[in-house]
Every structure is written in structure tokens, then in C-alpha cells.
Amino acid sequence: MKVHLDCFPCFYRQAVIAARLGTKDAALQEALLTGVADEIKATDFSRSPAYSTTFLHRKIRQILGRDPFEEIKAEYNRIALGLYPELSARVRESADPLWTACRLAIAGNIIDFGIFTSVDIAGTIDRALHHPLTIDEYPLFKEALARHEDILYLLDNAGEIVFDRILIEALLEAGKRVAVVAKGSPVLNDATMEDAREAGLTGITEVIDNGSDCIGTILEMTSLGFNRAFAGARLVISKGQGNFETLWDTPPQLLAVPPEGDRRLFFLFQSKCDVVAAALGLARGSMLLLSAETLFKGL
């Protein structure tokens, strides 16, 4: 997953979104948009888009002197928590609670303000529950769950993490041990430890942070403690497009995916931009439950 020419309008769109969320001061907004130009000019075409936008958002926070996504993250945590009782009941009443919880977790991935300025949560839930996933390796996922008791769960966005909580609770109910990973500090609308507390995750399972402000999971920029946890994990659930982009950018031997090692890594996300969708050979908006084994063999 490498930077494409079509990523550049998105880089500037992210800066515009951050400027509007971060300040009402027109002069500061203008300074932000001109100030990120050097970061965009320095884009490394050999790396993932998420790698480049990590530096972009560092610059944005530096110029603004604050996290521009703080308020909207809290707002969508509250919105998702308002949906939680009904969605949790759907899972409990389902013929296959884990199947339903996986679908809801993928639906929650629509909450992404690096890409969208508004989201249709209800419509996305309906599509996830009543239509086929574009790639659906749920049987392989269940097989992996039958063989592994410990799970490392990489979070993506605020708001979305309430949907993750529903899947995590289903995994805990199935007798699994789940360690959840948040970002080490704010970046875009990615979930931090504070978001994990707001979503109720810290009250049900272990939550750690990856020591990083990177979008996705860039192993060369995450903490030694997280890297040890990741290296030792036999079953990893990677939520969201940013984690997918950056882990796809990681050499398979470092991920130790089969047949190289006894690890199972599953991506749960939606392909929310044209570049990612095209790289996968899929339509934009595709919903996926995809194993790393299948990814590295070629879809």
C-alpha cells in the first residue's frame, strides 16, 4: 500500500477538516494550510499514505497548539454509547453473537473524520447486518479463535471503539482473553486511552497504548513494550483502514503470518477511499473481514 497521486487532494482535505475543527480564526486556518505544504512536499512515495499523514497531523497540531479532533471524538463516543444498549442486545439475541458482533465492528469503521465530514451510522449498520461482506473470512476467523485463547486487538477511531467494545465483549463471553491497544497520544480521530475510558473498555479488559502518535500501526515508531506484545501475540485483530495500510506496508516476515509463523492476523475494516479500494481491486465502501494470509498470497 503505497502513496498514490490521488492521495494528495486527500492530504489537503484532511488539513482543511482539521483547520475548521481546530479554530475559527481565519488567519490561523490560512497559516495551517500553508504551513503543511512542506510536510506534503516531503511525502515518501515508497510508504503508505498513513505514514505520510502521520507527519502531516503532527504539523497540524504544532500550528494549532492543540488537538483539533478532541471535541468531535468525544461527541462520537457519546453518540456511539447511545447506540450501545440496542446494539449489544442485538448481539445477545443473535443466533451467532460473534458473527453479529464482527459485522457491527466493521460497520463502526465508518466513523472516520480524516475522510468524511459526516457519517450514516444507521445505514452502515443495516448494510453490515443484512448484506454480504465483500471479503468474508469469518469461518477462518472462527477456526483461529478455536485455537488461540489470547487476542491482541488494535483499535482505530473514537466512536468506532464502542462498536469494538461489543465485539470484545463477545470474545470475552466466549472465554477469550483480550488485550486492547490504543494510540499513545492524539492523532486525527484515532482512539487514545482517554477514548478507551470514555467507551467503557478499561472497565472490561486490559487496555495498553502503543506509545505512538502514528496513524495506523508503524512498528518502527511504536514503543518497545507494544512491539514485544505484538511480536508475542498469536492472534491479532486489526481494526480500521489506517492499521490495514500500515501493516500491509510491513514485511510479512515481521508479521510472521502463515506459513512463516504460527500467527493469525485479521483485518476488519471498510475500504473508504479510492486509493485503498483500487489497491485491493475492490469497490470503494467494501466491507472486509480479511486474513493477512489471504492478503499476502494475493486476493
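Residues numbered from 1 in each chain as written. Predicted model: local features only at pLDDT ≥ 70, side-chain atom pairs only at ≥ 80, totals over all residues. Heavy atoms only, no water.

## With respect to the packing of helix α2 (residues 26-35) against helix α4 (residues 49-64)
Applied cut-off: Every axis corresponds to a line fitted to the C-alpha atoms, with the helix fit spanning only the stretch in contact, and the corresponding angles, defined between N-to-C directions, vary from 0 to 180 degrees. Secondary structure is summarised from DSSP: a helix means a run of H or I of at least four residues, a strand means a run of E of at least two, and numbering begins at the N terminus for each. Note on angle classes: values under 35 degrees are labelled roughly parallel, values over 145 roughly antiparallel, values of 65 to 115 roughly perpendicular, and the remainder oblique. With the far helix as reference, a near helix turned anticlockwise by less than a right angle produces a left-handed crossing, and one turned clockwise produces a right-handed crossing. Contacts are assigned to residue pairs that have any heavy atoms within 4.5 Å of one another. Gly is put with the polar residues, along with every residue not named as nonpolar or charged; the nonpolar set is Ala, Val, Leu, Ile, Met, Phe, Trp, Tyr, Cys and Pro, and the charged set is Asp, Glu, Lys and Arg.
In the contact formed by α2 and α4, the axes pass within 10 Å of each other and the chain directions differ by 150°. In this view, α2 runs roughly antiparallel relative to α4, as classed from their interaxial angle. Where α2 crosses over α4, the two elements pack in a sense that is right-handed. For the pair α2 and α4, the contacting residues are L28, A31, L32 and G35 in the first and K59, I60, I63 and L64 in the second. For the contact of α2 with α4, a count of residues per class yields 6 nonpolar, 1 polar and 1 charged.

## Some points on the sheet that holds strand β1 (residues 135-136)
This is how the line gets drawn: We treat two strands as partners when DSSP finds at least two bridges between them.
Taken in spatial order, the 7 strands of this open sheet run β1-β7-β6-β5-β2-β3-β4, and their pairing is mixed. Edge positions in the sheet fall to β1 and β4 (206-209), since each of these pairs with one other strand and no more. Relative to strand β5 (residues 235-239), strand β2 (residues 150-154) is paired through 3 bridges, and the arrangement is parallel. Looking across to β5, one finds that L152 is bridged to V236. Of the strands in this sheet, β1, β2, β5, β6 (264-270) and β7 (287-291) touch helix α8 (residues 138-147), which is tilted by about 140° from β6. With respect to the sheet, helix α12 (residues 241-248) is in contact with β2, β5, β6 and β7, its orientation differing from that of β6 by roughly 135°.

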